[in-house]
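Observations on the three-dimensional arrangement
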Amino acid sequence: MEGFLVATAVSFAVIFVAELGDKSQLMAMTFATRFRTWPVLIGITVATAVVHLVSVGIGFGLGATLPTGWISLVAGIAFLAFGAWTLRGDSLTDEEKGKAERSTGSAILAVGGAFFLAELGDKTMLATITLATQYGWFGTWVGSTVGMVAADALAILVGRLLGRHLPEKVIRYGAAALFAIFGIWLLAEAVSQLS
């Protein structure tokens with residue numbers, strides 16, 4: 001049970017912070033201006049659960065086949081890269097914004113489909129794969145899914161209440177710092193295992 005709780009807590013924290021300022025948050029805010037909050041959250045939750053289930057499956061498979069020292073080394077480098085990616089920032093393209101604004105039909109299907117496609121290959125998917133190589137798949141799946149949905153729910157709430165984004169620079173630097181901390185920690189772990 002302790003391993004599950006650690007996997008859930010770490011995955012929640014990493015994915016929540018990684019999602020702050022991500023294009024998925026911008027999509028959530030855009031969809032929230034068009035549809036009611038609950039259908040948007042349901043669509044986000046279903047899409048996130050599916051993408052992150054695939055992610056933890058890949059990560060768990062890699063973790064079972066590769067030596068842990070090398071996994072820690074690759075994971076540490078990946079987290080440092082995620083930190084740099086986060087510093088670069090993210091924004092919606094005109095096409096992505098247009099799709100979110102033009103969506104018709106079921107809000108859950110429109111939001112779920114858009115989020116599923118947007119998350120494929122995104123840094124949160126890659127971070128979830130990386131986390132699943134280090135922790136149990138189920139706790140990583142639960143934590144990463146809840147972390148992403150919580151961050152997107154925060155974006156919807158802030159967008160509706162304040163009508164503007166949280167300070168983007170502060171969010172970006174904070175997320176990058178968290179990735180760097182996890183990256184350095186994993187690199188130190190790798191060095192101790194490979195020595």
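What you see is a predicted model; the values in this text were computed from it and never measured. (Residues numbered from 1 in each chain as written. Predicted model: local features only at pLDDT ≥ 70, side-chain atom pairs only at ≥ 80, totals over all residues. Heavy atoms only, no water.)

1. Details of the overall build of the protein chain
Within the protein chain, the regular secondary structure consists of nine helices and zero strands. Mapped from its N terminus to its C terminus, the protein chain presents α and β elements in the order α-α-α-α-α-α-α-α-α. Within the protein chain, the fraction of its 195 residues that count as buried is 46%. Taken as a whole, the protein chain presents about 9,500 Å² of accessible surface, with 71% of it coming from carbon and sulfur. (Helix = DSSP H or I, 4+ residues; strand = E, 2+ residues; numbered from the N terminus. Buried < 20%, exposed > 50% of the residue type's maximum accessible area, 1.4 Å probe, protein only. Areas by Shrake-Rupley, 256 points an atom, 1.4 Å probe, with all protein chains shown as cover.)

2. What about the nonpolar core?
Counting residues in each nonpolar core, the largest one holds 23 residues, and the members touching the most others are F31, V40, I44, V111, F115 and I156. Those elements that provide at least two residues to this core are α1 (2-19), α2 (23-34), α3 (37-65), α6 (107-119), α7 (123-134) and α8 (137-162). Residues in contact with I44, not counting those within four places in the same chain, are A28, V111, F115, V149, D152 and I156. (Core = buried A, V, L, I, M, F, W, Y, C linked by side-chain atoms within 4.5 Å. Contact = heavy atoms within 4.5 Å.)

3. With respect to the environment of V14
Mapped onto the elements of the fold, V14 is located in helix α1. Separated by 110 residues in sequence, V14 and T124 have C-alpha atoms that sit 8.8 Å apart.

4. Here's the deal with the packing of α1 against α7
Packing of α1 against α7 leaves a shortest axis separation of 10 Å and a crossing angle of 160°. Here α7 runs roughly antiparallel to α1, going by the angle between their axes. Our pair here, α1 against α7, has a crossing hand that is right-handed. Only K123, T124, A127, T128 and L131 of α7 make contact with α1, whose side of the interface consists of V10, S11, V14, I15, A18 and E19. Of the residues in the contact of α1 with α7, the class split is six nonpolar, three polar and two charged. (Axes fitted to C-alpha atoms, helices over the stretch in contact; angles between N-to-C directions. Parallel < 35°, antiparallel > 145°, perpendicular 65-115°, else oblique. Left-handed = near helix turned anticlockwise from the far one by under 90°. Nonpolar A, V, L, I, M, F, W, Y, C, P; charged D, E, K, R; others polar.)

5. Side note on α6
With 13 residues, α6 ought to run about 18 Å at 1.5 Å a step, and its terminal C-alpha atoms sit 18 Å apart, in line with that. Positioned one or two residues after α6, G121 has a phi angle of 80°, which is positive. (Expected span 1.5 Å × (residues − 1).)

6. Focus: the side chain of S11
As for its position among the elements, S11 is in helix α1. Residue S11 is classed as buried on the basis of its relative accessible area of 0%. Once you skip the residues sitting within four places of it in the chain, S11 turns out to touch L131, G139, T140, G143 and S144.

7. Re the environment of T133
Mapping T133 onto the fold places it in helix α7. Along the backbone, T133 and T65 are 68 residues apart, and their C-alpha atoms lie at a distance of 9.8 Å.

8. Thoughts on the packing of aromatic side chains
Inspection of the entire model under this criterion finds four aromatic pairs. Measuring from ring centre to ring centre gives 5.6 Å for F4 and F138, while their planes differ by 20°; the resulting arrangement is stacked. Of this pair, F4 sits in helix α1 while F138 sits in helix α8, placing them 134 residues apart in sequence. F138 gets classed as partly exposed once you look at its relative accessible area, which sits at 40%. With centroids separated by 5.5 Å and ring planes inclined at 75°, the aromatic side chains of W137 and F138 adopt a geometry described as edge-to-face. An aromatic cluster of at least three residues, connected via ring pairs, comprises F4, W137, F138 and W141. (Phe/Tyr/Trp six-rings, centres within 6.5 Å; stacked < 30°, edge-to-face > 60°.)

9. A look at a nonpolar patch on the surface
The grouping of W38, I42, V46, V50, V54, I58, L62, I108, F116, L117 and L120 at the surface amounts to a nonpolar patch, some 990 Å² of accessible area in total. Here the nonpolar patch gets seven residues from one element, more than from any other, and that element is α3. Examined against the element boundaries, I42 turns out to sit in helix α3. (Patch = residues over 30% accessible without salt bridge, like charges linked within 9 Å, V, L, I, M, F, W, Y side chains within 5 Å. Salt bridge = Lys/Arg side-chain N within 4 Å of Asp/Glu carboxyl O.)

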